[in-house]
Number of protein chains: 2
Amino acid sequence: MDLPVIFETPVEPEWLDYNGHVRDAYYAVAFSLAIDAMMDDLGLDETYRERTACTLYTLEVHLHFLAETKAGDVLTVRMRVLACDSKRLHALFLMSRGDGELVSAQDTMLLHVDQNAGPASSAFPEPVLERLQSLAKGHAALPAAEHTARSMGLRPKAA
Amino acid sequence: MDLPVIFETPVEPEWLDYNGHVRDAYYAVAFSLAIDAMMDDLGLDETYRERTACTLYTLEVHLHFLAETKAGDVLTVRMRVLACDSKRLHALFLMSRGDGELVSAQDTMLLHVDQNAGPASSAFPEPVLERLQSLAKGHAALPAAEHTARSMGLRPKAA
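Model, not experiment: these values are computed from the prediction. (Residues numbered from 1 in each chain as written. Chains lettered and ligands numbered in written order. Predicted model: local features only at pLDDT ≥ 70, side-chain atom pairs only at ≥ 80, totals over all residues. Heavy atoms only, no water.)

A. The packing of helix 1 (residues 24-42) of chain A against helix 1 (residues 24-42) of chain B, seen in detail. Contact geometry for helix 1 of chain A and helix 1 of chain B: axes closest at 8 Å, N-to-C directions at 175°. Relative to helix 1 of chain B, the element helix 1 of chain A is oriented roughly antiparallel. Between helix 1 of chain A and helix 1 of chain B, the residues in contact are Asp24, Ala25, Tyr26, Ala28, Val29 and Ser32 of chain A and Asp24, Ala25, Tyr26, Ala28, Val29 and Ser32 of chain B, respectively. Across the contact of helix 1 of chain A with helix 1 of chain B, the residue classes break down as 8 nonpolar, 2 polar and 2 charged. (Axes fitted to C-alpha atoms, helices over the stretch in contact; angles between N-to-C directions. Helix = DSSP H or I, 4+ residues; strand = E, 2+ residues; numbered from the N terminus. Parallel < 35°, antiparallel > 145°, perpendicular 65-115°, else oblique. Contact = heavy atoms within 4.5 Å. Nonpolar A, V, L, I, M, F, W, Y, C, P; charged D, E, K, R; others polar.)

Right, here's the structure in full:
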């Protein structure tokens, strides 16, 4: 099973660093724009947000930087749903270059929030939850996910 | 011991999302700019990069989003060195608002790279390594770090 592309963007000029490569944090910007596209696709779009004052908050992200990208590259983002519950979506976003090379992965925990209630966490609308559960079930058949979050550290060397 | 501020920035207008809050990924942009400031302070600055073709590559980051920020806020970033070896720096960057609230933490693994050699990993210049080792030793006296990287997941509920 191939994961469908949920977002595509050219590398924007303001994303480049002094090396002419995309600065690390702009991978996160591209993933964030991909999450906007996912929200639109799920029906958590601007109309929904204005009507309900509900939206998604990002709780945590873990990014792996795997390859460089530069001006002229077109980046595509795919989403794998790792898990969901009534309020939370745990998903891995995978970014590729035009040549197919995987350039970054972002493990992401999102929370559905009612901004008129605190803000406080709030259950997904039922059709959204059903869609996410369906995606999670389908994606569970894929091989074990790589490039997910993990604790980070350096193994001490003998002094 | 208080960690010194290594970077300060106002919230830039282009960082705001549809809610008028800083979009998640622009916390990462502010952390990336803070790492630029750290590099300048360590002597891994533009002159060094041009002379040696060496720089730092970001391997992985894990961000916790702890509080909202909005237009008018001034963000300050502090750095805690968690560990280093001859080529790698493992550091936790902590971002606060003007009111002192901790708004985000970024656990970060950086690699010193010689871009003329592949690129390939390369040992830090000796004075930089000594400075990092000194910081790591001092910061080891602090209480255990919170908001570091960790695996992410949702505990399954009984169906």
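Back to the write-up after that little detour.
B. Here's a closer look at the state of the cysteines. Residues and elements named next belong to chain B. Applying the stated criterion across every chain yields a total of 0 disulfides over all chains. A disulfide-free cysteine, Cys84 has its sulfur positioned 17 Å from the sulfur of Cys54, the nearest such atom. Overall, the relative accessible area of 18% leaves Cys84 in the buried class. (Disulfide = S-S within 2.5 Å. Buried < 20%, exposed > 50% of the residue type's maximum accessible area, 1.4 Å probe, protein only.)

C. Structural detail: the nonpolar core. Within the largest apolar cluster, 80 residues are counted, with the highest numbers of intra-cluster contacts made by Met38, Leu63 and Leu89 of chain A together with Met38, Leu63 and Leu89 of chain B. Setting aside anything within four residues of it in sequence, one finds Met38 of chain B in contact with Ile6, Leu56, Met79, Leu89, Phe93 and Leu110 of chain B. (Core = buried A, V, L, I, M, F, W, Y, C linked by side-chain atoms within 4.5 Å.)

D. Here's a closer look at the relation of the copies chain B and chain A. Between the two copies, chain B and chain A, the superposition gives an RMSD of 0.0 Å; the rotation angle is 180° and the shift along the axis is 0.0 Å. Both chain copies can therefore be described as sitting about a two-fold axis. By C-alpha distance to the rotation axis, the residue of chain B lying nearest is His62 of chain B, at 2.1 Å. Counting the interface residues of chain B, we find that 100% of their copies in chain A are interface residues as well, pointing to one common contact surface. (Least-squares fit on C-alpha atoms with pLDDT ≥ 70 in both.)

E. Main features of the interface of chain B and chain A. The interface is formed by 41 residues belonging to chain B together with 41 residues belonging to chain A. In total, about 3700 Å² of surface goes out of reach between chain B and chain A, with carbon and sulfur atoms giving 52% of it. Of all residues in chain B, Glu60, Met152 and Leu154 of chain B bury the most surface against chain A, accounting for 21% of the area lost on that side. Taken together, chain B and chain A are joined by 4 salt bridges. Arg23 of chain B is paired through a salt bridge with Asp36 of chain A; the nearest N and O atoms lie 2.7 Å apart. In this structure, the connection of chain B to chain A is made through 21 residue pairs in polar contact (both at pLDDT 80 or more). (Buried area = accessible area lost by both parts, 1.4 Å probe. Salt bridge = Lys/Arg side-chain N within 4 Å of Asp/Glu carboxyl O. Polar contact = N/O pair within 3.5 Å; in protein donor to acceptor, adjacent residues only side chain to side chain.)

F. Structural detail: the pattern of salt bridges. Tallied over the entire structure, the rule returns 10 salt bridges over all chains. The closest approach of N and O atoms between Arg150 of chain A and Glu60 of chain B, which form a salt bridge, is 2.3 Å. Of this pair, Arg150 of chain A sits in the segment after helix 3 (126-139) while Glu60 of chain B sits in strand 2 (residues 54-65), on two different chains. A salt bridge links Asp85 of chain B to Arg88 of chain B, with the shortest nitrogen-to-oxygen separation between them at 3.0 Å.

G. Just the packing of aromatic side chains, in detail. As enumerated under the stated definition, the model contains 5 aromatic pairs over all chains in all. Here Tyr27 of chain A and Phe65 of chain A contribute two aromatic rings whose centre-to-centre distance is 5.5 Å and whose plane-to-plane angle is 80°, an arrangement assigned as edge-to-face. Residue Tyr27 of chain A is found in helix 1, and its partner Phe65 of chain A is found in strand 2 (residues 54-65); the two are separated by 38 residues along the sequence. Tyr27 of chain A sits in the buried class, given a relative accessible area of 4%. Where Trp15 of chain B meets Tyr26 of chain B, the ring centres are 6.2 Å apart and the plane angle is 15°; that geometry is what we call stacked. Here Tyr26 of chain B lies in helix 1 and Trp15 of chain B lies in the loop between strand 1 (5-10) and helix 1, a separation of 11 residues in the sequence. An identical accessibility class is assigned to Trp15 of chain B and Tyr26 of chain B; each is buried. (Phe/Tyr/Trp six-rings, centres within 6.5 Å; stacked < 30°, edge-to-face > 60°.)

H. Highlighting helix 1 of chain B. Residue and element names in this part refer to chain B. End to end, helix 1 covers 28 Å across 19 residues, agreeing with the expected 27 Å (1.5 Å per residue, within 8%). The buried count for helix 1 comes to 15 of 19 residues, which makes it a mostly enclosed element. Just past helix 1, the residue Gly43 takes up positive phi, approximately 90°. (Expected span 1.5 Å × (residues − 1).)

I. Representation of the side chain of His90 of chain A within the structure. On the secondary structure map, His90 of chain A appears in strand 4 (residues 88-96). Residue classification places His90 of chain A among the buried positions, given a relative accessible area of 5%. At a separation of 2.7 Å, a polar atom in the side chain of His90 of chain A contacts the side chain of Asp107 of chain A. Discounting chain neighbours no more than four positions away, the residues touching His90 of chain A are Arg80, Val81, Leu82, Ala83, Asp107, Thr108 and Met109 of chain A together with Met152, Gly153 and Leu154 of chain B.

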